[in-house]
Amino acid sequence: MELDPDDIFRDEDDDPENEFYQEREASKEMVVYLVDGSPKMFSATALQENQEETHFHVAVSCIAQSLKTQIINRSYDEVAICFFNTREKKNLQDLNCVYVFNVAERDDLDRPTARLIKDFDCIEESFTKEIGSQCGILSGSRDNSLYNALWVAQALLRKGSAKTADKRILLFTNEDDPFGSIKGVVKIDMTRTTLQRAKDAQDLGISIELLPLSRPDEEFNISLFYSDLLGLEGDDASQFLPLAGERLEDMKDQLRKCMLKKRKVRRVTFSIANGISLELNTYALVRPTLPGTITWLDSVTNVPLQSERSFLCADTGALIQEPAKRVQSYKNEDIKFSVEELSEIKRVSTGHLRLLGFKPLSCLKDYHNLRPSTFLFPSDEVVLLLLAFLLLEVVGSTCIFIALHRSMLRLNRYAVAFYGSATHPQLVALVAQDEMVTASGQVEPPGMHMIYLPYSDDIRHIHTDENNETPRANDDQIRKATALMRRVDLKDFSVCQFSNPALQRHYAVLQALALDEDEMPEVKDETAPDEEGMARTGVVNALEEFKLSVYGENYDEDKEFETNGKVSEASRKRKAIAENAVKECTNYDWSDLADNGKLKDLTTVELKYYLTAHGLPVAGRKEALINRILAHLGK
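Residues numbered from 1 in each chain as written. Predicted model: local features only at pLDDT ≥ 70, side-chain atom pairs only at ≥ 80, totals over all residues. Heavy atoms only, no water.

J.: Is there a simple way to think about the overall build of the protein chain in this case?
T.: The number of helices and strands found in the protein chain is 19 helices and 20 strands. Every one of the 635 residues in the protein chain was classed for burial, and the buried ones make up 34%. Across the protein chain, contacts joining residues at least 24 apart in sequence account for 65% of those joining residues at least 6 apart. About 40600 Å² of surface is accessible on the protein chain, with carbon and sulfur atoms providing 51% of the total. (Helix = DSSP H or I, 4+ residues; strand = E, 2+ residues; numbered from the N terminus. Buried < 20%, exposed > 50% of the residue type's maximum accessible area, 1.4 Å probe, protein only. Contact = heavy atoms within 4.5 Å. Areas by Shrake-Rupley, 256 points an atom, 1.4 Å probe, with all protein chains shown as cover.)

Given below as structure tokens:
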């Protein structure tokens, strides 16, 4: 079998000269924000001219939002903020027109702190006084502020290795031709040296990204200078501005969420048969995001505390140096066990993945997948072959993995294996996934999904009636349910469209406490039901037809809550609320209130009288309640 593992299992972004299995994900990011401080940046933007929002304000707002979300997204990343075309200068190279913004007790390139974020939020008020603005590169001066800014940014990113850190320079400017006022040989020389400085930075593994800001009277022309600096040609140059605009909007509306980089969770040994085993890397796919762990701090120094535990003798009070022993009584004798011995006794699984056999894919049901699966990928470490009592080391676990992978795809089989931790062993199903490639690149990589199979107690039996038959929907109920689902179907739905409101509130509270903010940032609950959408006539009619098809015309909802011939407490309360709402509803002339626009003067409780009396939803804000009443009245 002629197989080239590097061609089959290499990602598109991998360098062919390197081994495919080496992880190329950087451990952290180092970013330098370069902000143009020239007077042109203080002009109104093209989109917000009436609101007097300047380009400088847009750039500062994007950076401030990035700093606030970075503590949650990527807490170990390091940033630096640098202004160029400034009156004052502050940098280690003592270059003109470049000012590195920082706060005390922090390196110029370091993790963001609460003090940095608080001071940077006020930069617009103090910029003119403390830093000052200066016109761009002038013909009468030999100062090249853009060249100096790139030099300072490259020096800031000098620490750390390009293999362990992703180094970037983000440039904010609305000047598409920084050398426009210069003519002749001077312009050619300045352009050449600036482009060479950018190329030197890129050769060191530093990527330069431009976020252009268009002026009200003209669009940013990328072809004048920055296309050469960024190396854009053809379609890349024409598509750059729309993509940059989308990225600028994304920076302004960043979501507080924890970003998990693609790196392996652990390495497992896959034992096949006859002493053959190979090393696999495991990758987590979809996992729920949880709030960070609690860190206890010293109340005076604010330094994280480290807990220690010591054992004292109950008789003498002396410190016990030896580890504690466990005792089990057996036949009037105390048997002592160490912690290590107990752990070994309780160990059921070694943590290795052991192949048991294969089964047809039709035997694997949807309900067997009770938790997110784990993706398996070969690590191409050492394969151990035990032949004739000789231990031979053969490099090529990828070849064995490919042979197994192809056979499972060809025969429509999945592998059943034994896997688990020392105290929680279980069976798993290994399902082979073929590579999926489109014109835009790789969509799905080749590999295997490890699905954790349930125990027998995890599977609930299907409910049956008195005749031991499973209730099934008839054709009419299926048609009505299908029509209802089509009415409420979300187009282009993705779980990434909705954020966890509890986590967003948690992060907002942390931000308010860390930055001493008087008001907590507003958190929008995107999971709340669309009351207006659900109140549309088509949806309401489809829902009523479905209920009529399932429950019939004489269905009494209160009877569902009867227990032993008595109405339940919940049903009694609900009925009392409905009767009270009908009574109170008669005290208002709703048509007159709607015509005169006086519904807004009523309280939420009063508005709910009408909704409850007419069987309408009562959830939502006051505006939604009023709109629901007006829609029901036909106003």
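J.: Which parts of the structure should I look at to understand the packing of helix α5 (residues 145–156) against helix α6 (residues 184–203)?
T.: The description of two helices packed together rests on the angle between their axes and the distance between the axes. In the contact formed by α5 and α6, the axes pass within 9 Å of each other and the chain directions differ by 15°. Between α5 and α6, the crossing angle belongs to the class labelled roughly parallel. By crossing handedness, the relation of α5 to α6 is classed as left-handed. Counting all contacts with α5, which are made through Leu146, Tyr147, Leu150, Trp151 and Gln154, the residues of α6 involved are Thr193, Thr194, Arg197, Ala198, Asp200 and Ala201. Counted by class, the contact of α5 with α6 contains 6 nonpolar, 3 polar and 2 charged residues. (Axes fitted to C-alpha atoms, helices over the stretch in contact; angles between N-to-C directions. Parallel < 35°, antiparallel > 145°, perpendicular 65-115°, else oblique. Left-handed = near helix turned anticlockwise from the far one by under 90°. Nonpolar A, V, L, I, M, F, W, Y, C, P; charged D, E, K, R; others polar.)

J.: Any chance you could explain the packing of aromatic side chains here in plain terms?
T.: Centre distance and the angle of the planes are the two values used to describe a pair of aromatic rings. Evaluated as defined, the whole model comprises 12 aromatic pairs. When the centroid spacing of 5.1 Å and the interplanar angle of 80° are considered together, the rings of Phe225 and Tyr226 count as edge-to-face. Through pairs of rings, three or more aromatic residues link up here, namely Phe42, Phe56, Phe83 and Phe127. In this structure, Arg371 packs its charged tip against the face of Tyr452, placed 3.8 Å from the ring centre. (Phe/Tyr/Trp six-rings, centres within 6.5 Å; stacked < 30°, edge-to-face > 60°. Lys NZ or Arg CZ within 6 Å of the ring centre and 35° of its normal.)

J.: Can you walk me through the sheet that holds strand β3 (residues 98–101) in this structure?
T.: As a general point, the strands of a sheet are linked pairwise by backbone hydrogen bonds and lie either parallel or antiparallel. With mixed pairing, 5 strands are arranged side by side in an open sheet as β3-β2-β1-β4-β5. Of all strands in the sheet, those bounded by a partner on one side alone are β3 and β5 (206–212). Averaged over neighbouring strand pairs, the angle between their axes works out to 20° when direction is ignored. Here strand β1 (residues 28–36) runs beside strand β2 (residues 78–84); their pairing, made up of 7 bridges, is parallel. Note on β2: the bridge partner recorded for Val31 is Val79. (Pairing = 2+ DSSP bridges.)

J.: How should the pairing of strand β10 (residues 353–360) be read in this particular structure?
T.: If a strand is regular, its side chains alternate between the two faces of the sheet. Bridge analysis of strand β6 (residues 266–273) against β10 gives 2 bridges, and the strand direction is parallel. Residue pairing across strands places Phe270 opposite Leu353, the latter belonging to β10. Where β10 lies against strand β14 (residues 413–420), 6 bridges are found, and the strand directions are antiparallel. Across the sheet, the residue bridging to Arg354 is Phe418, located in β14.

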